[in-house]
Amino acid sequence: MINIQYNQNPQEIKLREKSKRPPFKWAGGKDRMFKRYHLAGFFPEAEIETFVDCFAGSSCVSRWVRKNYPEAQIIINDKCLELIDMFRFMQAPTWSYFKRELEVHFLKYANLSVADRKKYYYEQRDIYALQPGLLSPVQQAATLYYLLITGFNGIWQTSQNFNYRYATSAGLQTMNPNGSGFDMNRIKEFSDFISTVALTSDDFEDTGVYASPSTWFYADPPYRCSFSRYNSAGEFTDVDQTRLTEFLNTCADKGAFCTL
Ligand SMILES: C[S@@+](CC[C@H](N)C(=O)[O-])C[C@H]1O[C@@H](n2cnc3c(N)ncnc32)[C@H](O)[C@@H]1O
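Computed from a predicted model, the values in this text were never measured in an experiment.

*Asks:* Explain the site of the ligand here, please?
*Replies:* Taken together, 24 residues are adjacent to the ligand, and K30, S58, D78, D203 and D220 come closest. S58 places a side-chain nitrogen or oxygen 2.7 Å from an oxygen atom of the ligand. For the ligand, the protein covers 99% of the area, taking 610 Å² as the surface of the free molecule. Each residue belonging to the shell around the ligand can be placed in one class, and the counts come to 12 nonpolar, 6 polar and 6 charged.

*Asks:* Can you walk me through the side chain of T200 in this structure?
*Replies:* Topologically, T200 is positioned in strand β3 (residues 198-200). Side chain to side chain, T200 and N77 meet in a polar contact 2.8 Å long. Not counting residues up to four positions away in its chain, the partners in contact with T200 are I75, I76, N77, D78, I84 and R88.

*Asks:* Just to check I follow, could you spell out the packing of aromatic side chains for this structure?
*Replies:* Here the distance between the centres and the angle between the planes together describe a pair of aromatic rings. The full count for this structure, using the stated rule, is 35 aromatic pairs. Judged by centre distance (6.2 Å) and plane angle (40 degrees), the rings of F24 and F87 are tilted. You can see F24 sitting in the segment before α1 (34-39) and its partner F87 sitting in helix α3 (residues 81-90), a full 63 residues away along the chain. Accessibility expressed as a relative area gives 4% for F24, which makes it buried. Clustering of aromatic rings is evident, with ring pairs tying together F24, W26, F87, W95, F98, Y145, W156, Y166, F190 and F193. Sitting over the face of the ring of Y109, R117 holds its NZ or CZ atom 3.9 Å from the ring centroid. The side chain of R165 reaches across the aromatic face of Y128, ending 4.2 Å from its centre.

The rules behind each value
- Residues numbered from 1 in each chain as written.
- Predicted model: local features only at pLDDT ≥ 70, side-chain atom pairs only at ≥ 80, totals over all residues.
- Heavy atoms only, no water.
- Near = heavy atom within 4 Å.
- Polar contact = N/O pair within 3.5 Å; in protein donor to acceptor, adjacent residues only side chain to side chain.
- Areas by Shrake-Rupley, 256 points an atom, 1.4 Å probe, with all protein chains shown as cover.
- Nonpolar A, V, L, I, M, F, W, Y, C, P; charged D, E, K, R; others polar.
- Helix = DSSP H or I, 4+ residues; strand = E, 2+ residues; numbered from the N terminus.
- Contact = heavy atoms within 4.5 Å.
- Phe/Tyr/Trp six-rings, centres within 6.5 Å; stacked < 30°, edge-to-face > 60°.
- Buried < 20%, exposed > 50% of the residue type's maximum accessible area, 1.4 Å probe, protein only.
- Lys NZ or Arg CZ within 6 Å of the ring centre and 35° of its normal.

The values reported here are purely geometric and, on their own, carry no functional implication.
Okay, here's the thing in structure tokens:
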């Protein structure tokens, strides 16, 4: 058993490596918050055994944790099944297939005019959302990744008309095809990281199975009064916010370290 506590003197934490920004944007993503979290004593001094990212989104917080606690078991959970499926195909056993499919999209992007890139985006979005059966599972994962980096401001919108899958409009389509968004080395680094974690796409309460005195739960739920429907995870109501508080109290009663 370990005794996890807030760090009282954050200056003394030896940061093993600063965070790298995730290769795609995510609404509510904490990628710019690393320094603030660190100075607020977010990182416990003790080595932790298990870290549970209950609402992982871009998973950038888990990435900080991996850098700072290389031995920890990390559980990345998000109720958005399409996101977790995309991460699954980015893991080592299927990375080369994912990469090949993504390169097809990148090549198209590089060779099209801005107007044709827009057309291509909408074609791909409509296939992904409305006719997913035309794509293999790995093609779906790579197409979603492509849509996330070329869609409007990295925002994930859904609606009934798009089967609650993905409805975001096209972004400007003026990004440099040799720029950082398309940098395969950067995406591979993310793949290397995601290959070291366990993935689940459950409601946050189901992660309670990991509650123990050596577990650190991190909860970054959808904000109150944000989009009523975030993505396929559905609405997160005030009843859910209360449910979350009770859930974390129960985990804390079992000795877990909980951060909200
Ligand atoms: C504020 S975002 C998390 C951002 C993340 N920390 C990051 O840095 O990218 C909230 C996430 O909660 C997920 N979510 C919504 N309802 C959920 C639920 N009941 N259980 C688990 N995840 C849920 C959404 O899909 C969304 O990715």
